[in-house]
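Structural overview for review
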Amino acid sequence: MMDVKLEIPLNGLAAGESRFSWHASKEFFESFENSEIFDADLDIAAIVQKSGRNVLVDCEVRGSVTVECDRCLEDLVMPVDVSIAVKVRFGESGESEESGRELISLAADDSELNLGQIVYDYVCLSLPMQRVHKDGECNPETVRFMGVGQVGEVSGDAEGDNPFAALKGLL
């Protein structure tokens, strides 16, 4: 069950600027069945500008998520700082404009805008492909067991330790 619903009520929303804020934790990511994010501490702030049927949403997501280090498999806290710009369009409009905002189409009778999936996607996409601790911060026992010194550097000076040593003689 999601601990926070990132919903903006569109019916009854006053013209002008409105502000919303939420806090998301690990339950938010569990609701999307995400097993890569172990914990989260995210503050989400949205500024909604409504003018007639035009709705613009500027959202800031800041905080941190805890993932697994790809090198030592220990917990790794990754900072998150994401900006999201959305324009809401109601019904099937043929207009196309380049505003630098992600366009969301809602049915004309929708009364709420749910930002949950959008925030989830942006946070996941903001994380790097390779998630590793800074040099020297990995669990030393795990690093020693793997035989890795620096990032990608395999220890072992003896010729017998290198499986490619036999190929030297072929050239």
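Residues numbered from 1 in each chain as written. Predicted model: local features only at pLDDT ≥ 70, side-chain atom pairs only at ≥ 80, totals over all residues. Heavy atoms only, no water.

Moving on, we come to the overall build of the protein chain. A tally of helices and strands in the protein chain yields three helices and seven strands. Each helix and strand of the protein chain, ordered N terminal to C terminal, gives the series β-β-α-β-β-β-β-β-α-α. For the protein chain, buried positions account for 32% of its 171 residues. Sequence-distant contacts, at least 24 apart, represent 55% of the contacts inside the protein chain between residues at least 6 apart. Accessible surface for the protein chain amounts to roughly 11000 Å². Of this, 49% is attributable to carbon and sulfur atoms. (Helix = DSSP H or I, 4+ residues; strand = E, 2+ residues; numbered from the N terminus. Buried < 20%, exposed > 50% of the residue type's maximum accessible area, 1.4 Å probe, protein only. Contact = heavy atoms within 4.5 Å. Areas by Shrake-Rupley, 256 points an atom, 1.4 Å probe, with all protein chains shown as cover.)

On to the pairing of strand β3 (residues 39-51), then. The two faces of β3 differ: Ala40, Leu42, Ile44, Ala46, Val48 and Lys50 on one face are buried, but Asp39, Asp41, Asp43, Ala45, Ile47, Gln49 and Ser51 on the other face are not. Pairing analysis gives ten bridges linking strand β2 (residues 16-25) to β3, with the strands arranged antiparallel. What sits directly across from Glu17, in β3, is Gln49. Here β3 runs beside strand β4 (residues 54-68); their pairing, made up of 13 bridges, is antiparallel. Within the sheet, the bridge partner assigned to Ala45 lies in β4 and is Glu60. The turn linking β3 back onto β4 is made up of two residues, and Gly52 within it adopts a positive phi angle of 65°. (Pairing = 2+ DSSP bridges.)

Our next topic: the environment of Val55. Position of Val55 among the secondary structure elements: in strand β4. On the basis of relative accessibility, which here comes to 1%, the residue Val55 falls in the buried class.

Further remarks concern the packing of aromatic side chains. Applying the stated criterion to the full structure yields five aromatic pairs. Taken together, a centroid distance of 5.9 Å and an interplanar angle of 50° make the contact between Phe29 and Tyr120 tilted. Pair noted here: Phe29 is in helix α1 (residues 26-30) and Tyr120 is in helix α2 (residues 116-126), with a separation of 91 residues, a long-range link. Judged by its relative accessible area of 0%, Phe29 falls in the buried class. An aromatic cluster of at least three residues, connected via ring pairs, comprises Phe28, Phe29, Phe32 and Tyr120. (Phe/Tyr/Trp six-rings, centres within 6.5 Å; stacked < 30°, edge-to-face > 60°.)

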